[in-house]
Amino acid sequence: MTTARGGALLVVGDVVTDVIARHRGPLASGTDTAAVIRTVPGGAGANVACWAAYRSDAEVRLLGRVGVEAAAWHERELAACGVRPCLVVDPLAPTGTVICLVDTGAAAERTFLTDSGASLRLDVGDWSDALLDGVARLHLSGYLLFSEPSRALVAAALASARTRGVPVSLDPASAGFLVELGVDRFLELVDGVDVLLPSRDEACLLTGLPDAADAAAKLSRHVPLVVVKQGAAGALVARGGTVCAQVPAAPATPTDTTGAGDAFTGAFLAALLRGAEPEEAARAGCRAGALAVERVGGRPPGTD
């Protein structure tokens, strides 16, 4: 599966403000826990777009929805990453906010507290077929599937992409939200997607299988190309019910794993835009993921 060179990438997804609190050891319930706290731009959709622009010379566009209070800041931050922002400003809801609790131990594991705010109010009225003009690939953030208005937009975007022959990728985004949505509902909603990019946990949840390779193979009977992101274990590439490549992770010393999966996805899509085969694109994704975990926040270097 080689994608023709040329054309833009359109990402549709969430734009949020990340408040990252890095602490060491367990949280002290009922009292203080010392932490280093930073406020940075984030959102799975926005992060993917920024990493794609960082790894590609192609134009990268982002459709998202933000509140009035942070619209100008997010537009500036996206433009600084080389992304063309197409942001809808919501007059009623504030920009989504995610509090990222990051344990600064060896694994740098994180826990999210998510207020999606305006991001899940992106709806079919925000979509226009003209958004696909000059677009070679469309990527949808899985967070769009977790609200009724955004699900309607996903359906419209998929229909437009099919009409134009534009391949579509999707990242399931959240194992926790997937449980609430339901596996069968999710698989129904992603019918017509060409590339699925789940994490290991998401792939296992979607299939009910404990082994990531088995899960990848099973999912690839529903979606033509499945790439399972496994963090320090690398990535699996599956097509037609078979795992066709196991790609090792690039070495890294984790500082903050926030956005590592987004970095993988952005670099993977950038490689496909350049005409790379999926295994080569997955290697590019692993390299970007390794770079991401050595930084605080979900954006590429040079954007601090």
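The preceding data block contains the structure.
Attention here is on the structure that accompanies the text. Per chain, the residues get numbers from 1 upward, laid out in the order the sequence is written. pLDDT decides what is reported in this predicted model: residues at 70 or higher carry local features, side-chain atom pairs at 80 or more are listed and counted, and totals for whole chains, interfaces and linings draw on all residues regardless. Neither water nor hydrogens contribute to the side-chain values; these are computed over all heavy atoms in the structure.

**What to know about the sheet that holds strand β6 (residues 96-103)**
Here is the rule: Two strands are counted as paired when DSSP detects at least two bridges linking them. Secondary structure elements are defined from DSSP: runs of H or I of at least 4 residues count as helices, runs of E of at least 2 residues count as strands, and each element is numbered from the N terminus. What counts as an axis is a line fitted to C-alpha atoms, over the stretch in contact for a helix, and the angles between N-to-C directions run from 0 to 180 degrees.
Strand order in the open sheet formed by four strands is β3-β2-β6-β7, and the pairing between neighbours is mixed. Of all the strands in the sheet, just β3 (36-42) and β7 (110-115) have a single pairing partner and so form its edges. In this sheet, adjacent strand axes meet at a mean angle of 20° when their direction is disregarded. Two strands pair when backbone bridges link them, and strand β2 (residues 16-23) and β6 are joined in this way by eight bridges, in the parallel orientation.

**Points about the sheet that holds strand β1 (residues 8-12)**
So the rule is basically this: Contacts are assigned to residue pairs with any non-hydrogen atoms lying within 4.5 Å of each other.
Taken in spatial order, the nine strands of this open sheet run β5-β4-β1-β8-β9-β10-β11-β12-β13, and their pairing is mixed. Edge positions in the open sheet fall to β5 (83-90) and β13 (242-247), since each of these has one partner strand only. In this fold helix α1 (residues 44-55) packs onto β1, β4 (60-67), β5 and β8 (135-141), with an angle of close to 155° to the strand it touches most, β4. Taken strand by strand, helix α2 (residues 71-80) contacts β4 and β5, and its axis lies near 165° from that of β5.

**Structural notes on the nonpolar core**
Condition: Each nonpolar core is a collection of buried residues, namely Ala, Val, Leu, Ile, Met, Phe, Trp, Tyr and Cys, held together in the definition by side-chain atoms within 4.5 Å. A 1.4 Å probe rolled over the protein chains alone gives each residue an accessible area, and that area as a share of the maximum for its type sets the label: buried under 20%, exposed over 50%, partly exposed in between.
Judged by nonpolar contacts, the single largest core of 46 residues is most densely connected at Val12, Trp127, Leu138, Leu140, Leu145 and Phe186. Element by element, the count of residues in this core is highest for helix α3 (residues 148-164), at six residues. In this view, tryptophan 127 contacts Leu10, Val12, Leu63, Leu132, Leu153, Ala156, Ala157 and Ser160; residues no more than four positions away in its chain are not counted. Judged by nonpolar contacts, the second largest core, of 37 residues, contains Ala46, Leu62, Ala245 and Ala284.

**Some thoughts on the pairing of strand β9 (residues 168-171)**
Rules: The handedness of a crossover follows from its direction of travel: if, with the strands pointing away from the viewer, the path from the first strand over the helix to the second runs clockwise, the crossover is right-handed.
Both faces of β9 are covered, namely the face carrying Val168 and Leu170 and the face carrying Ser169 and Asp171. The pairing of β8 with β9 spans four bridges and is parallel. Pairing of leucine 138 across the sheet is with valine 168, part of β9. Handedness of the β-α-β unit built from β8, α3 and β9 comes out right-handed.

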